[in-house]
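Now for the letters of each chain:
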Amino acid sequence: MNKLELKPCPFCGGPAQFEEITPDKYPHTTWSVGCANGDEDCIAYQMTARFSRKIEAAEAWNKRHDS
């Protein structure tokens, strides 16, 4: 499987990371993406919604508005 690439954080420019939410919290594994700088350093910590597929979380995070 190819590694999914994540764009840098749109707020601070830091790296992004996946979060795997396990079935003990939800009925099935879900995925979210956010800034890896943490909630104390950046407002984009766990910014995306939860998705059932990792690729969907990556696509939501990587989507940018053309300015």
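Before going into details, it helps to say that this report is about the structure given with it. In this convention, every chain numbers its residues from 1, walking through the sequence in written order. Per-residue local features of the predicted model are confined to residues with pLDDT of at least 70, and side-chain atom pairs are confined, for both listing and counting, to 80 or more; whole-chain, interface and lining totals are unaffected and use all residues. Heavy atoms from the whole structure form the basis of all side-chain values; hydrogens and water molecules are not counted.

Helix and strand assignments follow DSSP, with helices taken as H or I runs no shorter than four residues and strands as E runs no shorter than two, numbered in order from the N terminus. In terms of helices and strands, the protein chain carries one helix and two strands. Counting from the amino terminus, the protein chain carries its helices and strands in the arrangement β-β-α. Accessible area is worked out with a 1.4 Å probe on protein chains only. A residue is then buried under 20% of its type maximum, exposed over 50%, and partly exposed in between. Evaluated residue by residue, the protein chain yields a buried proportion of 27% over its 67 residues. Residues count as neighbours in contact if any of their non-hydrogen atoms are within 4.5 Å of one another. Counting only contacts in the protein chain whose residues sit at least 6 apart along the sequence, the fraction spanning at least 24 positions is 38%. Throughout, the Shrake-Rupley method with a 1.4 Å probe supplies accessible areas, and for residues the shown protein chains are the sole cover considered. Carbon and sulfur atoms make up 49% of the accessible area of the protein chain, which totals about 4900 Å².

The next point concerns the packing of aromatic side chains. Here a pair means two rings of Phe, Tyr or Trp (six-membered ring of Trp) with centres within 6.5 Å. Their orientation is stacked below 30 degrees between planes, edge-to-face above 60, and tilted elsewhere. According to the stated counting rule, one finds one aromatic pair in the structure shown. The interplanar angle of 85° and the centroid separation of 6.3 Å between the aromatic rings of Phe18 and Trp31 together place this pair among those described as edge-to-face. Of the two residues, Phe18 is situated in strand S1 (residues 16–21) and Trp31 in strand S2 (residues 30–35); the sequence distance between them amounts to 13 residues. Its relative accessible area of 23% is what places Phe18 among the partly exposed residues. Using a relative accessible area of 16% as the deciding quantity, one classes Trp31 as buried. Consider the ring centre and the ring normal. A charge sits over the ring if Lys NZ or Arg CZ is within 6 Å of that centre and within 35 degrees of that normal. One residue, Lys54, lies across the ring of Phe18, its end atom 4.6 Å from the ring centre. Over the face of the ring belonging to Trp61 we find Arg64, whose NZ or CZ atom lies 5.8 Å from the ring centre.

Our next topic: the pairing of S2. Buried residues dominate S2, accounting for six of its six residues. Pairing between two strands requires that DSSP report at least two bridges joining them. As paired elements, S1 and S2 share six bridges and run antiparallel to each other. By the bridge assignment, Ile21 is partnered in S2 with Thr30.

Okay, the nonpolar core next. In terms of nonpolar packing, the biggest core is built from eight residues, these being Cys9, Trp31, Val33, Cys35, Cys42, Ala44, Ala57 and Trp61. Looking at this core, the elements with two or more residues in it are S2 and helix H1 (54–62). In terms of residues, this core owes the most to one element, S2, which gives three residues. Take the buried Ala, Val, Leu, Ile, Met, Phe, Trp, Tyr and Cys residues and link them wherever side-chain atoms come within 4.5 Å; each set so joined is a nonpolar core.

Read these as geometric descriptors, not functional statements.
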